[in-house]
Amino acid sequence: MIEISIAKEKIVEYSTRLEVESRLLTASAGYVLAQDIIATLPLPLFTQSAMDGYAIRHDEDRVAEEWLTVQGESKAGSERSINLEAGKAVRIFTGAPLPQGATAVVMQEHVTRQGDRVKINLENVADGAHIRYQGQQIQKGEVALPMGSLLSPGAIGFLAGFGITHVAVYRKPKVAILVTGDELVDAGQPLKPGEIYESNSAMLEAALLKEGVEDIRIDAVHDDKAELVAKLDGLLKWADLVITSGGISVGDYDYVGEAIDHLGVQTVFYKVKQRPGKPLFFGEKGGKLLFALPGNPASSLVCFYEYVFPALRLLYGRKDIHLQSFRMPSLKAYSFKGERDEFLKGLLTPEGVMPLYGQESFALRSFALANALIYLPASQQQVLPGDLVEVHVLPS
Ligand SMILES: Nc1nc2c(c(=O)[nH]1)N[C@H]1C(S)=C(S)[C@@H](COP(=O)(O)OP(=O)(O)OC[C@H]3O[C@@H](n4cnc5c(N)ncnc54)[C@H](O)[C@@H]3O)O[C@H]1N2
Ligand code: MOO
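Below is a summary of the structure that appears in this document.

Rules used in this analysis
Residues numbered from 1 in each chain as written. Chains lettered and ligands numbered in written order. Predicted model: local features only at pLDDT ≥ 70, side-chain atom pairs only at ≥ 80, totals over all residues. Heavy atoms only, no water. Near = heavy atom within 4 Å. Polar contact = N/O pair within 3.5 Å; in protein donor to acceptor, adjacent residues only side chain to side chain. 1 Å grid on protein atoms, 1.4 Å probe; cavity = no way out; pocket = protein on both sides within 12 Å on 5 of 7 lines; lining within 4 Å. Sits in = over half its atoms within 2 Å of the grid points. Nonpolar A, V, L, I, M, F, W, Y, C, P; charged D, E, K, R; others polar. Salt bridge = Lys/Arg side-chain N within 4 Å of Asp/Glu carboxyl O. Helix = DSSP H or I, 4+ residues; strand = E, 2+ residues; numbered from the N terminus. Buried < 20%, exposed > 50% of the residue type's maximum accessible area, 1.4 Å probe, protein only. Areas by Shrake-Rupley, 256 points an atom, 1.4 Å probe, with all protein chains shown as cover. Pairing = 2+ DSSP bridges. Axes fitted to C-alpha atoms, helices over the stretch in contact; angles between N-to-C directions. Points joined across faces, edges and corners; volume = space filled by probe spheres on them.

### Quick look at the site of ligand 2
- In the vicinity of ligand 2, the contacting residues are Arg275, Pro276, Gly277, Lys278, Pro279, Asn296, Ser299, Arg340 and Ser361.
- Within the backbone of Gly277, one N or O atom sits 2.6 Å away from an oxygen atom of ligand 2.
- In the environment of ligand 2, an oxygen atom lies 2.8 Å from a nitrogen or oxygen atom belonging to the backbone of Lys278.
- Among the detected pockets, ligand 2 sits in the largest pocket.
- Grouping the amino acids of the shell around ligand 2 by side-chain chemistry returns two nonpolar, four polar and three charged.

Here's what the structure looks like:
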């Protein structure tokens, strides 16, 4: 049995980034840039107005209040370049090119217009007011976004401003889920005595989709070693990462370990000092990763978020690989015994985190209400209300 921290280090060691692919910018939210993006244009592209109003020359020797003749108009998208004459103003709109010679824009709310003249109180106008200068945000040739950046909606909007259509990103992994167990029945089918509805694949698929993994294959297998070997072999050939569920403990029908050995998957670790999820297995074959998750549903999902999730993120180039983590006061007392660290299902509020009722590894009812995991090391077995505990935020 190994420590959680060692298990997590091993995952970092074995999860190497996938290849680079070119994607449409508009379809790359949640992907990671595989190259620096250099600004091919300055932004703003040209010096322009930030307000609807009047472009003026803001000369030092101007008197406080002046009537200026409106010389013409500059609207957004207009090609014509205007030369602003002394003592005149140009009617201008937000995003429109600033006339040559103009040094400030006055908002229309601050002027009085009469016919073709405007009265402006120049005392209230600062030099450069309401002007967006060419290249103020970024100059041509600067790095717009460095390699390794996560493409958020903001990042995509920023890159679209350069007229970019495609970006080089790291490919997302193909993931297979193989659920094992003779007792499992698909939803919609009748149940015989002793059978239960199979629920881990729906849960794990949902967690993968939330992480933007879309190339997913799901299969199920009976407690039959030959069938397990055949299906696992096929999935290891297709996927970048395979998740099995169940059959990894010590029972007579737990064949996953034997199938893994038979297929020559290298064991990186088996069994972690944690509750739930002790019998977690992580291995590698020819660069493909295999996680054998314990079948108990809450154990499966805890192992997914604490171990599979960072591996997935490493595969597609993320730097922030773990669930967001910070310390918060516990809202309730909690205690446990034994040498294993614990992950609890918790409800995070602005005041603190509440360990939820029903922490058993078969119980998903608490997981359905949880928005966080609480990590308690074996050295923190007595938690009192107000004690700080480590919280791992679940993706919402
Ligand atoms: N003698 C011992 N028994 C067990 C140990 C141990 O150390 N010694 N460890 C226990 C722990 S801890 C866990 S966790 C489980 C893990 O067992 P498996 O990975 O072999 O899982 P299964 O036995 O196949 O299933 C466990 C439980 O979960 C249900 N299950 C499985 N798959 C699904 C699914 N896809 N959807 C819904 N429910 C599923 C299954 O019916 C069982 O109830 O082993 C303990 N035993
Ligand atoms: O480790 Mo098991 O997941 O405690 O039930």
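### So, the pattern of salt bridges
- Using the criterion set out here, one finds 16 salt bridges in the structure.
- Here Lys8 makes a salt bridge to Glu306, at a shortest N to O gap of 2.6 Å. A residue pair is termed long-range when its members are at least 10 positions apart, and Lys8 in helix 1 (residues 4-14) and Glu306 in helix 6 (residues 297-315) qualify at 298 residues. Pair check on accessibility: Lys8 and Glu306 agree, each one buried.
- A salt bridge links Glu19 to Arg171; its shortest N-O distance comes to 3.0 Å. Taken together, the residues Glu19 in the loop between helix 1 and strand 1 (20-24) and Arg171 in the loop between strand 12 (166-170) and strand 13 (175-180) connect sequence positions 152 residues apart.
- On the basis of relative accessible area, Glu19 is assigned to the partly exposed category, the value being 46%.
- By relative accessible area, which is 17% here, Arg171 ends up buried.
- Through salt bridges with shared partners, a single ionic network connects Glu211, Arg313, Arg318 and Asp320.

### A look at the site of ligand 1
- Close to ligand 1 lie 22 residues, the nearest being Glu183, Glu198, Ser249, Lys278 and Gly295.
- In the environment of ligand 1, a nitrogen atom lies 2.9 Å from a nitrogen or oxygen atom belonging to the side chain of Glu198.
- At a separation of 3.0 Å, a nitrogen atom of ligand 1 approaches a polar backbone atom of Ser199.
- Expressed as a share of its isolated accessible area of 870 Å², the protein-covered part of ligand 1 is 69%.
- Because more than half of its atoms lie within 2 Å of the grid, ligand 1 is assigned to the largest pocket.
- Within the residue set of the shell around ligand 1, elements represented by two or more residues are strand 15 (196-197) and helix 6.
- For the shell around ligand 1, a count of residues per class yields nine nonpolar, nine polar and four charged.

### Considerations on the sheet that holds strand 4 (residues 53-56)
- In space, the six strands of this open sheet follow the order 7-4-6-5-9-8, with mixed pairing throughout. Every interior strand has two partners, whereas the edge strands, strand 7 (104-107) and strand 8 (111-114), have only one. Taken over all neighbouring pairs, the strand axes of this sheet differ in orientation by 35° on average, direction set aside.
- In this structure, strand 4 lies alongside strand 6 (residues 88-92), joined through three bridges in antiparallel fashion. Note that in strand 6 the partner of Tyr54 across the bridge is Arg91.

### Overview of the layout of surface pockets
- Approximately 540 Å³ is the volume attributed to the largest pocket.
- Every residue lining the largest pocket is counted, 29 residues in all, and those nearest its centre are Gly246, Gly247, Pro294, Gly295 and Asn296.
- Its residues assigned to classes, the lining of the largest pocket comprises nine nonpolar, 13 polar and seven charged.
- Roughly 230 Å³ of volume is contained in the second largest pocket.
- Lining of the second largest pocket is provided by Met203, Ala206, Ala207, Lys210, Leu301, Tyr305, Leu364, Phe367, Ala368, Ala370, Leu394 and Pro395.
- Of all the secondary structure elements, the ones that give two or more residues to the lining of the second largest pocket are helix 3 (200-210), helix 6 and helix 7 (365-369).
- Examining the composition of the lining of the second largest pocket, we find that four residues originate from one element, helix 3, more than from any other.
- Of the residues belonging to the lining of the second largest pocket, the class tally is eleven nonpolar, no polar and one charged.

Functional significance is not addressed by these values, which are geometric in nature.
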